[in-house]
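Here is how the chains run, residue by residue.
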Amino acid sequence: MPLLSVLWGIALLAVIATTVMDATGTSRKLADNGLYAAEADAIAEAAIVRAAIGLSDPTSGTGWRADGRPRQFELRKWRAVVRIQDELGRIDLNFADQDLLFGLLRSVGSEPQKATALAVSIIQWRMMPVPGVSASGQPQRRLFHAVNELLLVPGVSQDLFARIEPALTVYSQRPTFDPQLAPPEALLALPGATRDQVAQTLARRAQDTLGVGPSLKGRAFSLAIETTDGSHKRAYRAAIRFTDDPAKPYWLLDFQIVSKS
């Protein structure tokens, strides 16, 4: 019996030691992951600042373009790739008319009858009254505060949303979009637009070395950011709107982690 007690004691000590070692390893791994996440987030925030500086550069040929083309920079062991899209080139869910929404839905393959019904549903959704009044004293209407709220509209599936999302915004606050700034998904929504015509437009735009122009006040830009240190990767989505305040040159409208590995 004494020998059995000793063996049980040794076994119990071994279990305790293994548990402590596992816990220590887990704690270290969690600490490492926390450090990596903090570094990745900091690099993403630095990418936003770098993009804002690049967009603010009025010098022809050196300013960052807001047409989705990748720009890259490195900071210590990290590399960030940034793609910027001018929101004036996208279709605003809160201001686009039925014809433009219909064109977008048709461009991704929706049947005419379904495209018409969905376009009407989107407009009805955003026109639904909500409690309160606007600054002008008019009744408040429900607006889309984020593009993914479109999924709340009956008939909008995840698959359909994925196909039209690149063309959409809630930040331009305009009923139309600028074709010179638009992604291909928005260009295809124009009446009579073909894929060949869109490809030609994009090819001509790629030869343009001009920046976004001298005035950024009130303009919004979305940013797709990818960060990596060679072992880890994270993807972010952000949106900024420029102001005329030197102390606060832009507002951060959105900042989300899209994926991580």
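Residues numbered from 1 in each chain as written. Predicted model: local features only at pLDDT ≥ 70, side-chain atom pairs only at ≥ 80, totals over all residues. Heavy atoms only, no water.

Right, let's get into the confidence of the model for the protein. Looking at the protein, the pLDDT average stands at 83 and 79% of residues meet or exceed 70. Predicted confidence for residues 1–31 stays below pLDDT 50, and this span has 0 contacts to residues more than four positions away or in other chains. (pLDDT = per-residue confidence, 0-100. Contact = heavy atoms within 4.5 Å.)

Ranked by size, the top nonpolar core spans 34 residues in total, and within it Ile91, Phe144, Leu150, Ile164 and Leu168 carry the most contacts. Among the elements of the structure, helix H2 (98–107), helix H3 (112–127), helix H4 (158–164) and helix H5 (184–187) are those that each provide at least two residues to this core. Apart from residues no more than four positions distant in its own chain, Leu150 is found in contact with Leu93, Ile122, Phe144, Val156, Phe161, Ile164 and Leu168. (Core = buried A, V, L, I, M, F, W, Y, C linked by side-chain atoms within 4.5 Å. Buried < 20%, exposed > 50% of the residue type's maximum accessible area, 1.4 Å probe, protein only. Helix = DSSP H or I, 4+ residues; strand = E, 2+ residues; numbered from the N terminus.)

Attention now goes to unusual backbone geometry. The backbone phi angle of Gln173 is positive, close to 60°, even though this residue is not glycine. Note on placement: Gln173 falls in the loop between strand S6 (168–169) and H5.

Here we come to H2. Looking only at H2, the buried set comprises Leu100, Leu101, Gly103, Leu104 and Leu105. Of the surrounding secondary structure, the elements contacted by the buried residues of H2 are strand S3 (91–92), H3, H4, S6 and H5. The N-capping residue of H2, defined by a side-chain oxygen 3.3 Å from the backbone nitrogen of Asp99, is Asp97. With its phi angle positive at about 105°, Gly109 sits one or two positions after the end of H2. (Polar contact = N/O pair within 3.5 Å; in protein donor to acceptor, adjacent residues only side chain to side chain.)

End to end, helix H6 (residues 195–206) covers 16 Å across 12 residues, agreeing with the expected 16 Å (1.5 Å per residue, within 8%). Where H6 is buried, its residues contact strand S1 (67–75) and H5. (Expected span 1.5 Å × (residues − 1).)

Turning to the packing of aromatic side chains, a few remarks are in order. What the rule picks out here adds up to 5 aromatic pairs. Judged by centre distance (5.7 Å) and plane angle (85°), the rings of Phe221 and Phe242 are edge-to-face. Here Phe221 is found in strand S7 (residues 220–228), whereas its partner Phe242 is found in strand S8 (residues 233–245), with 21 residues between them in sequence. With a relative accessible area of 5%, Phe242 lands in the buried category. Ring centres of Tyr236 and Phe255 lie 5.4 Å apart, and the angle between their planes is 15°; this geometry places the pair in the stacked category. Separated by 19 residues along the polypeptide, Tyr236 in strand S8 and Phe255 in strand S9 (residues 248–260) bring together distant segments of the chain. When its relative accessible area of 2% is taken as the criterion, Tyr236 is described as buried. Residue Phe255 is classed as partly exposed on the basis of its relative accessible area of 29%. Taken together through their ring pairs, the aromatic side chains of Phe221, Phe242 and Tyr250 make up a single cluster. (Phe/Tyr/Trp six-rings, centres within 6.5 Å; stacked < 30°, edge-to-face > 60°.)

The buried count for S7 comes to 7 of 9 residues, which makes it a mostly enclosed element. Bridging between strand S2 (residues 78–86) and S7 involves 8 bridges; their strand directions are antiparallel. Bridged to Val82 within S7 is Ile225. Here 9 bridges tie S7 to S8, and the two strands are oriented antiparallel to one another. What sits directly across from Ile225, in S8, is Tyr236. Taken together, S7 and the strand that follows it, S8, pair antiparallel across an intervening segment of 4 residues, in which Gly230 is found at a positive phi of about 100°. (Pairing = 2+ DSSP bridges.)

Turning our attention to the pattern of salt bridges. Once the charged atoms of two side chains with opposite charge are near each other, the side chains can pair. The tally for this structure, following the rule as stated, stands at 8 salt bridges. In this structure, Asp86 and Arg219 form a salt bridge, with 2.4 Å as the shortest nitrogen-oxygen distance. With Asp86 in strand S2 and Arg219 in the loop between H6 and S7, the pair connects residues that are 133 residues apart, well separated along the chain. Side by side, Asp86 and Arg219 carry an identical accessibility label, which is buried. (Salt bridge = Lys/Arg side-chain N within 4 Å of Asp/Glu carboxyl O.)

A few words now on the sheet that holds S9. With antiparallel pairing, 5 strands are arranged side by side in an open sheet as S1-S2-S7-S8-S9. Bordering the open sheet on either side are S1 and S9, each of which pairs with just one other strand. Going across the sheet, the axis of each strand differs from the next one's by a mean of 25°, ignoring polarity. (Axes fitted to C-alpha atoms, helices over the stretch in contact; angles between N-to-C directions.)

Our focus in this paragraph is the environment of Tyr171. Structurally, Tyr171 is set in the loop between S6 and H5. Put simply, Tyr171 and Arg90 are 81 residues apart on the chain and 8.9 Å apart in space, counted from C-alpha to C-alpha.

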